[in-house]
Amino acid sequence: MAKRVLTVDDSKTMRDMVAFTLKNAGFDVVEAEDGQKGLGVLGSANVDVIITDVNMPNMDGMTFIRHVRAQPQFKSTPILVLTTEGSEDTRQKGRDAGATGWIVKPFSPEKLLQVVNKVCP
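### Overview of the overall build of the chain
And then number 1: Looking only at helices and strands, one finds five helices and five strands in the chain.
And then number 2: Against the compact-globule benchmark of 14 Å for 121 residues, the chain has a radius of gyration of 13 Å, which places it among compact chains.
And then number 3: Taken along the three principal axes of its C-alpha coordinates, the chain extends 30 × 30 × 25 Å.
And then number 4: Counting across all 121 residues of the chain, residues that qualify as buried make up 48%.
And then number 5: Of the roughly 6100 Å² of accessible surface on the chain, a fraction of 50% belongs to carbon and sulfur atoms.
And then number 6: Positive and negative side-chain charges in the chain, numbering 15 and 15 respectively, have mean positions lying 5 Å apart.

The structure is reproduced here in structure tokens:
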């Protein structure tokens, strides 16, 4: 059974790029355009890994991560942040929120797969 990845990003182009890369590697991918909709997806689908952007409308990535970590069933689900922001301060905020890893955009498909495979249970 394919591992399922939830990708949360307000950019359809970015979601499409992530989904294309992961689907070609055998992953099942579900998508949401912001953190609020991402929480809705988590309420109806089991996921093995979450990939989220930081800057999104309605609910940003840090708030999304904190909401996910507050739910006991997602305490150990790997959460990767995929963003243009690479400062140490922002990364620390991500770690404090509960992020597992960090990938800076633009990303290479190889790097994305390497990190997802590393954290995927």
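### A few points about helix α3 (residues 61–69)
And then number 1: Here α3 has its buried residues at Gly 61, Met 62, Phe 64, Ile 65, Val 68 and Arg 69. Around the axis of α3, the buried residues are gathered within 160° of arc, so they sit on the same side.
And then number 2: Against the buried residues of α3 lie β1 (4–8), α2 (35–42), β3 (49–52), β4 (79–83), α4 (88–97) and β5 (101–104).

### Describing the packing of helix α1 (residues 12–24) against helix α5 (residues 109–119)
The description of two packed helices rests on the angle between their axes and on the distance between the axes.
And then number 1: In the contact formed by α1 and α5, the axes pass within 10 Å of each other and the chain directions differ by 65°. In this view, α1 runs roughly perpendicular relative to α5, as classed from their interaxial angle. In this structure, the crossing between α1 and α5 has a hand that is right-handed. Across the interface between the two elements, Val 18, Thr 21 and Leu 22 from α1 touch Pro 109, Leu 112, Leu 113 and Val 116 from α5.
And then number 2: Residues that form the contact of α1 with α5 fall into these classes: six nonpolar, one polar and no charged.

### A few points about the pairing of β1
And then number 1: Judged by how many residues are buried, β1 sits mostly within the fold: four of five residues are covered.
And then number 2: As paired elements, β1 and strand β2 (residues 28–32) share five bridges and run parallel to each other. Bridge pairing in β2 places Leu 6 opposite Val 30.
And then number 3: Pairing between β1 and β3: four bridges, direction parallel. In the sheet register, Val 5 faces β3, and the bridge partner there is Val 49.

### Section: the pattern of salt bridges
As a working rule, side chains carrying opposite charge can pair if their charged atoms are close by.
And then number 1: Under the criterion given, the structure shown has eight salt bridges.
And then number 2: In this structure, Lys 37 and Glu 33 form a salt bridge, with 2.9 Å as the shortest nitrogen-oxygen distance.
And then number 3: For Glu 33, a relative accessible area of 37% puts it in the partly exposed group.
And then number 4: A salt bridge links Asp 53 to Lys 105, with the shortest nitrogen-to-oxygen separation between them at 3.6 Å. Of the two residues, Asp 53 is situated in the loop between β3 and α3 and Lys 105 in the loop between β5 and α5; the sequence distance between them amounts to 52 residues.
And then number 5: Where salt bridges share partners, they join Asp 9, Asp 53 and Lys 105 into one cluster.

Thresholds applied
Residue positions are given per chain, counting from 1 as you read along its sequence in written order. Where totals are concerned, whole chains, interfaces and linings use all residues; where local detail is concerned, this predicted model gives features only for residues with pLDDT of at least 70, and gives and counts side-chain atom pairs only at 80 or more. Excluding hydrogens and water, the side-chain values take into account all heavy atoms of the structure. Think of it this way: any DSSP run of H or I at least four residues long counts as a helix, any run of E at least two long counts as a strand, and we number them from the N terminus. Every radius of gyration here is taken over C-alpha atoms, with the globule rule written as 2.2 Å times N^0.38, N being the number of residues. For each residue, the accessible area found with a 1.4 Å probe, counting protein chains only, is set against the maximum for its type, and the residue is called buried under 20%, exposed over 50%, and partly exposed in between. Only the protein chains shown count as cover for residues, with accessible areas throughout obtained via the Shrake-Rupley method and a probe of 1.4 Å. Under the counting rule used here, the positive set is Lys and Arg, the negative set is Asp and Glu, and His together with the chain ends is not counted. Every charge is mapped onto a representative atom, which is NZ of Lys, CZ of Arg, CG of Asp or CD of Glu. This arc is built from the directions going out from the helix axis to the C-beta atoms. Any pair of residues with heavy atoms lying within 4.5 Å of one another is described as a contacting pair. Geometry is summarised by axes, namely lines fitted to C-alpha atoms with helices restricted to the contacting stretch, and by angles between N-to-C directions that run from 0 to 180 degrees. Oblique is the label for every angle not falling under 35 degrees (roughly parallel), over 145 degrees (roughly antiparallel), or within 65 to 115 degrees (roughly perpendicular). Two helices crossing with the near one rotated counterclockwise from the far one by less than a right angle form a left-handed crossing, whereas a clockwise rotation gives a right-handed crossing. In the scheme used here, Gly and all other residues not listed as nonpolar or charged are polar, with Ala, Val, Leu, Ile, Met, Phe, Trp, Tyr, Cys and Pro taken as nonpolar and Asp, Glu, Lys and Arg as charged. A pair of strands is considered paired only if DSSP assigns at least 2 bridges between the two. We define a salt bridge as a contact between a side-chain nitrogen of Lys or Arg and a carboxyl oxygen of Asp or Glu at a distance within 4 Å.

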